[in-house]
Amino acid sequence: MGWKAKLVLLTSVPLVWWYWTQVSGGSGERPEITSSPQWQMVGDAPVLQAGSLRDQALWNDPSVLKLEGQYVMYLTTSTEKPFEPPILPFRAVSSDGSTWQLSPDAPLLSVDGGPYVSVETPSVVRFGGEWHMFFTGIYPGGADTPMGIGHATSADGVEWKVQTWELFLHDPGEPWRSYLVGEPGAVVHNGRLHVYMSAVGGRPGGGPPAQSLALAVSSDGITFSRPERILTQSDLFPAEQGFAGYSSPAALSHNARVHLFYSVAHWLPGGNPEWTQIAIHHASSADGLNAFSQDQTALLSYTDRVWTEGEVLAPSPLIEGDEIKLWFGGHVPNSALQPLIMRGISGPEFGIGLARAPLSALSAQ
C-alpha cells in the first residue's frame, strides 16, 4: 500500500482511514523479524533518496524492468506538497540500477477526469504488443472504500492512456475483500496476464485487519476474471502478534513458476502510524493460482538498516543471470523524520533501496 493510505482497524467497527501527516512518535513495539542471510541490502542508504531528481520528491512504489541493457523504473511521489495528494507515477532510467534520471520529467498520469486524488503503486508489464500499467487509485475522504485499481496502456511505455479507472474494486459481499483492493502486481505467465493485488476484509474474532493476496487473469489484456484469493498469512506471521497479512505484491515468472514478493503488514494499536509494512517475504506456485509455497524466513526486515526502521515495503524483483535484484521502498520512523523535513524534504531517511541475492535463493528455503 502506498505511504499515504494507512489503515487502522477498530475491532468492533469498520475501517477508519488515517492520512499520515504527523511526525510525533507512537507507542508500543513491533516484533523483530530475522531476514535471510542470502539477501543483502546494497549500501546503508537508499539508492534513490528523498529530494533527488525532483524538488521535495518522496520516492516510493518501484516497478523495475530491463530493456535493451537499460533499467526502467516506474515510481511515485507527491507532486505538490510533501506527504499529500496528488501522488503520481513517474518514469526513470538507469544504466546500472543505482543511479537514475527521470525520463520524462513530468508525471505519466494525472488525476484529471478520474475519481481519485492520487495514483500510486504502478506495476508495468508488456503484453499483447502493448505496455500495461495497473495502479492503485486513492479516493477522497468519505468514499465507500479508500482505494481501487485502475488500468492504463501505452505503445512505448512513456505516453499513457487510462483504459479504466476502476478495473477492480472492493466487494462488500465477499468478506475477504469487503474493505478494499489495491496495490496491483502484474506478470505474464504461461501466455496470460496475471494481476495480483492486496485485499482487506474483517478478521473473524477481531484483531488486526485480514489482509490477503488475490489474483485476476486475462488472456487479452482487456477482460479479466473475477479476483480470487490465493494467499493468506502463514504461521510465521501470526495475528496474535499483530501481523495483519500481506501487502504490495510483485511477481516474476521463472522456471515454470510464479514467484511472489510482498510486504508483511503489522498493526500496532497506539502506533504512529498503527499499520506498517515491516518485512518482505516470498512464495511460489507452479500455476500462479494454487498451492503457493511460502518461505520460512523473511527476505528483508525493517531492522536491516537504520533508514528502513519505519517501514520496508513495495518490492520489485528482477532476474539477471545468476542473481536476483530487488528494489524496494523504505523510510525511518515518523519520529525520526524531522531531519528530512528540516532539510526541505531531502536526504536518506526516505527512498528506494536495492537488495541482491543469488538466484538459488528462490528455491533455497
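Here, the structure is the one placed above.
Residues numbered from 1 in each chain as written. Predicted model: local features only at pLDDT ≥ 70, side-chain atom pairs only at ≥ 80, totals over all residues. Heavy atoms only, no water.

1. A word on the overall build of the chain
So, point 1. Counting secondary structure elements, the chain contains 2 helices and 24 strands.
So, point 2. The principal-axis extents of the C-alpha atoms in the chain amount to approximately 50 × 45 × 45 Å.
So, point 3. Of the contacts formed within the chain by residues at least 6 apart in sequence, a portion of 57% connects residues at least 24 apart.
So, point 4. Summed over all atoms, the accessible surface of the chain reaches about 13600 Å², with 49% contributed by carbon and sulfur.
So, point 5. Computed over 19 positive and 34 negative side-chain charges, the separation of the two mean positions in the chain equals 2 Å. (Helix = DSSP H or I, 4+ residues; strand = E, 2+ residues; numbered from the N terminus. Contact = heavy atoms within 4.5 Å. Areas by Shrake-Rupley, 256 points an atom, 1.4 Å probe, with all protein chains shown as cover. Lys, Arg positive; Asp, Glu negative; His and termini not counted. Charge placed at Lys NZ, Arg CZ, Asp CG, Glu CD.)

2. Examining the pairing of strand β6 (residues 70-78)
So, point 1. Burial analysis of β6 places 8 of its 9 residues in the buried class, the great majority of the element.
So, point 2. Bridge analysis of strand β5 (residues 60-67) against β6 gives 6 bridges, and the strand direction is antiparallel. Among the inter-strand pairings, V64 is bridged to a residue of β6, identified as M73.
So, point 3. Counted along the chain from β5 to the antiparallel partner β6, the turn is 2 residues long, and its residue E68 has a positive phi close to 50°.
So, point 4. Pairing between β6 and strand β7 (residues 87-94): 8 bridges, direction antiparallel. Directly across from Y74, in β7, lies its bridge partner R91. (Buried < 20%, exposed > 50% of the residue type's maximum accessible area, 1.4 Å probe, protein only. Pairing = 2+ DSSP bridges.)

3. Focus: the nonpolar core
So, point 1. Counting residues in each nonpolar core, the largest one holds 47 residues, and the members touching the most others are W39, Y196, L231, L260 and L300.
So, point 2. A total of 5 residues in this core trace back to one element, the largest contributor, which is strand β18 (residues 257-267).
So, point 3. Judged by nonpolar contacts, the second largest core, of 18 residues, contains V119, F135, Y139 and W160. (Core = buried A, V, L, I, M, F, W, Y, C linked by side-chain atoms within 4.5 Å.)

4. Looking at unusual backbone geometry
So, point 1. In this structure, the amide linkage connecting P85 to the following residue, P86, adopts the cis form with an omega of 0°.
So, point 2. Here P86 shows up in the loop between β6 and β7.
So, point 3. Located in the positive-phi region is E183, a residue other than glycine, with phi close to 55°.
So, point 4. Tracing the chain through its elements places E183 in strand β13 (residues 180-189).
So, point 5. The phi angle at A291 is positive, at roughly 50°, despite the residue not being glycine.
So, point 6. Along the chain, A291 falls in the loop between β19 (275-285) and β20 (293-294).

5. Some points on the layout of surface pockets
So, point 1. Size it by volume and the largest pocket reaches roughly 490 Å³.
So, point 2. Lining the largest pocket are 30 residues, with V64, V124, V125, A186 and A251 positioned closest to its centre.
So, point 3. For the lining of the largest pocket, the residue count by class is 20 nonpolar, 7 polar and 3 charged. (1 Å grid on protein atoms, 1.4 Å probe; cavity = no way out; pocket = protein on both sides within 12 Å on 5 of 7 lines; lining within 4 Å. Points joined across faces, edges and corners; volume = space filled by probe spheres on them. Nonpolar A, V, L, I, M, F, W, Y, C, P; charged D, E, K, R; others polar.)

6. Concerning the sheet that holds strand β9 (residues 118-127)
So, point 1. One open sheet accounts for 4 strands, arranged β9-β10-β11-β12; its pairing is antiparallel. Of all the strands in the sheet, just β9 and β12 (161-168) have a single pairing partner and so form its edges. For this sheet, the mean angle separating the axes of adjacent strands, direction not counted, is 25°.
So, point 2. With 8 bridges joining them, β9 and strand β10 (residues 130-138) adopt antiparallel strand pairing. Counted as the bridge partner of F127 is E130 from β10. (Axes fitted to C-alpha atoms, helices over the stretch in contact; angles between N-to-C directions.)

7. Some thoughts on the pattern of salt bridges
So, point 1. Considering all chains together, one arrives at 10 salt bridges under this definition.
So, point 2. A salt bridge links E320 to K66; the shortest N-O distance between them is 2.5 Å. Of the two residues, E320 is situated in strand β22 (residues 311-320) and K66 in strand β5; the sequence distance between them amounts to 254 residues.
So, point 3. For E320, a relative accessible area of 18% puts it in the buried group. (Salt bridge = Lys/Arg side-chain N within 4 Å of Asp/Glu carboxyl O.)

8. Some thoughts on the pairing of strand β23 (residues 323-331)
So, point 1. With 8 of 9 residues buried, β23 lies mostly within the body of the structure.
So, point 2. Strand direction decides the pairing type here: β22 and β23, joined by 8 bridges, are antiparallel. Residue E320 lies in a different strand from β23, and its bridge partner there is E323.
So, point 3. In this structure, the hairpin formed by β22 and β23 is closed by a connection of 2 residues, where G321 is found at a positive phi of approximately 60°.
So, point 4. Relative to strand β24 (residues 347-358), β23 runs antiparallel, the two being bridged by 9 bridges. When the sheet's bridge partners are listed, G330 is paired in β24 with G351.

9. Quick look at the packing of aromatic side chains
So, point 1. Applying the stated criterion to the full structure yields 14 aromatic pairs.
So, point 2. Note on W59 and F90: the rings are 5.5 Å apart at their centroids and 85° apart in plane angle, and the pair reads as edge-to-face. Of the two residues, W59 is situated in the loop between β4 (48-50) and β5 and F90 in strand β7; the sequence distance between them amounts to 31 residues. Just as W59 is buried, F90 falls in that class too.
So, point 3. Centre to centre, the rings of F134 and F224 are 5.8 Å apart; their planes meet at 85°, and the pair counts as edge-to-face. You can see F134 sitting in strand β10 and its partner F224 sitting in the loop between β15 (210-218) and β16 (228-231), a full 90 residues away along the chain. With respect to class, F134 is no different from F224; both count as buried.
So, point 4. Of the aromatic side chains, those joined through ring pairs into one cluster are Y116, F135, Y139 and W165. (Phe/Tyr/Trp six-rings, centres within 6.5 Å; stacked < 30°, edge-to-face > 60°.)

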